[in-house]
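# Chain and residue survey
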Amino acid sequence: MARDIYAKSMENFIGKFPTKTFHKGEIIIFQGESPRGTYVVKSGVVKAYNLSIHGDEKPVGFYNEGESFPGSWTYERVPSSIYYYEAFTNECVLYLVPRNEFLVFVRTHPFMALAELDHYVKHTISLSMQLNALQHSRANEKLMYTLHYLALTYGKPLKDRQREIELHLTHQDFANLTGLTRETAATELNKLKHLGVINYANNMPYVVDLDQLQKILKDQYISELDSEYTND
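What comes next is a walk through the structure. (Residues numbered from 1 in each chain as written. Predicted model: local features only at pLDDT ≥ 70, side-chain atom pairs only at ≥ 80, totals over all residues. Heavy atoms only, no water.)

### What about the side chain of Glu116?
This is how it is decided: Only DSSP runs of H or I with at least four residues qualify as helices, and only runs of E with at least two residues qualify as strands; both kinds are numbered from the N terminus onward. Exposure categories follow from relative accessible area, calculated using a 1.4 Å probe and restricted to protein chains: below 20% of the type maximum is buried, above 50% is exposed, and the middle band is partly exposed. Positive residues here are Lys and Arg, negative ones are Asp and Glu, while His and the chain termini are left out of the count. Salt bridge criterion: a side-chain nitrogen from Lys or Arg within 4 Å of a carboxyl oxygen from Asp or Glu. Any two residues whose heavy atoms approach within 4.5 Å at even a single point are treated as in contact.
Note on placement: Glu116 falls in helix H4 (residues 110-134). Despite being buried, Glu116 has no salt bridge partner; Arg107 is the closest side chain of opposite charge, sitting 10 Å away. Beyond its immediate stretch of four places on either side in the chain, Glu116 contacts Ser68, Tyr75, Phe102 and Val106.

### Quick word on the environment of Gly25
Structurally, the position occupied by Gly25 is in the loop between strand E1 (19-23) and strand E2 (27-29). Between the C-alpha atom of Gly25 and that of Val208, which follows or precedes it by 183 residues, the distance is 26 Å. Those residues within four positions of Gly25 in sequence are excluded, and the remaining contacts are Glu86 and Ala87.

### Re the sheet that holds strand E4 (residues 46-51)
Note the cut-off: Two strands form a pair only when DSSP identifies at least two bridges running between them. Angles shown run from 0 to 180 degrees and are taken between the N-to-C directions of axes, each axis being a line fitted to C-alpha atoms and, for helices, limited to the stretch in contact.
One open sheet holds the four strands; their spatial order is E2-E7-E4-E5, and the pairing between them is antiparallel. The open sheet terminates on both sides in strands that have one partner only, identified here as E2 and strand E5 (57-63). With strand direction ignored, the average angle separating the axes of adjacent strands in the sheet is 35°. One ladder, built from six bridges, connects E4 with E5; its direction is antiparallel. In the sheet register, Leu51 faces E5, and the bridge partner there is Glu57.

### Considering the side chain of Ser68
Counted only if it meets this: Under the rule applied, a polar contact is a pair of N or O atoms within 3.5 Å (in protein, one hydrogen donor and one hydrogen acceptor; residues adjacent in sequence only if both atoms are side-chain atoms).
Topologically, Ser68 is positioned in strand E6 (residues 68-69). Polar contacts involving the side chain of Ser68 include one to the side chain of Glu116, which spans 3.4 Å. If near-sequence neighbours (up to four positions away) are discounted, Ser68 is found in contact with Thr38, Tyr39, Val40, Tyr63, Phe102, Glu116, His119 and Tyr120.

### Points about the packing of aromatic side chains
Heads up, the rule is: Aromatic rings from Phe, Tyr and Trp, with only the six-membered ring used for Trp, were paired whenever their centres fell within 6.5 Å, and each pair was classed as stacked if the ring planes differed by under 30 degrees, edge-to-face if by over 60, and tilted otherwise. Charge-over-ring contacts are defined here by two conditions on Lys NZ or Arg CZ: a distance within 6 Å of the ring centre and an angle within 35 degrees of the ring normal.
A full pass over the atoms with the stated rule returns 15 aromatic pairs. Through successive ring pairs, a cluster of aromatic residues spans Phe22, Tyr39, Tyr63, Phe69 and Tyr85. When the ring centre of Phe88 is taken as reference, the NZ or CZ atom of Lys24 above it lies at 4.4 Å. Here the basic side chain of Lys193 rests over the ring of Tyr200, its NZ or CZ set 4.8 Å away from the ring centre.

### Describing helix H8 (residues 210-217)
Which entries qualify depends on this criterion: This arc describes the spread of directions from the helix axis toward the C-beta atoms.
Those residues of H8 that fall on the buried side of the exposure criterion are Leu210, Leu213, Gln214 and Leu217. Each buried residue of H8 lies within a common arc of 95° when the element is viewed along its axis, so the set occupies one face. Between the side-chain oxygen at the start of H8 and the backbone nitrogen of Asp211 there is a gap of 3.1 Å, and the oxygen is on Asp209. Two residues or fewer past H8, Lys218 is found with a positive phi of approximately 50°.

Written as structure tokens, this is what we have:
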């Protein structure tokens with residue numbers, strides 16, 4: 001019920017603002033740039049990332065329909081964007097909302113404020129899962145924990161505790177997410193496929209078997225997260 005009220009209020013509010021379409025790989029906001037306003041995703045997926053000193057891409061999150069960015073700028077914590085924001089899908093349609101109007105709407109609509117809070121809590125958990133994955137030294141563990149994070153955060157539940165990652169990821173995307181080379185990421189993903197942890201094919205999404213993943217890792221940390229997300 002609360003989500004329905006939020007969705008209707010959000011739709012009525014942002015519907016009056018213009019939209020802009022970006023194509024896959026197109027930069028929406030550059031790091032260090034002062035945005036033109038707050039963006040809200042109407043359709044498609046947006047990727048946020050940083051660049052290492054060597055120019056390597058380091059993804060920090062993805063934004064789906066109804067989510068707004070860049071939060072740190074919108075809520076006046078920083079004077080400019082701290083990340084790059086790029087269209088991740090073939091076509092991203094975004095609303096562009098003046099920051100002051102967005103903030104007034106959030107502050108005067110409790111359901112909107114709660115929805116924004118929920119988004120940032122989930123984003124914080126997502127970042128902690130990413131950090132946990134990167135702390136592991138073995139390539140296969142980095143990938144398994146990364147798959148677990150992606151499955152819970154961007155996954156659609158299927159039967160038998162399987163989740164379909166609703167992001168079209170390449171081996172290079174996994175390399176960027178884990179700090180591995182593309183070749184190593186491809187090799188380890190193929191091994192995990194043979195172990196039954198994942199299933200995928202060309203132009204098909206990754207499906208993660210949470211039970212099989214937990215059977216290999218035997219980690220209470222992911223068991224608790226599984227319980228939280230699957231009961232959400």
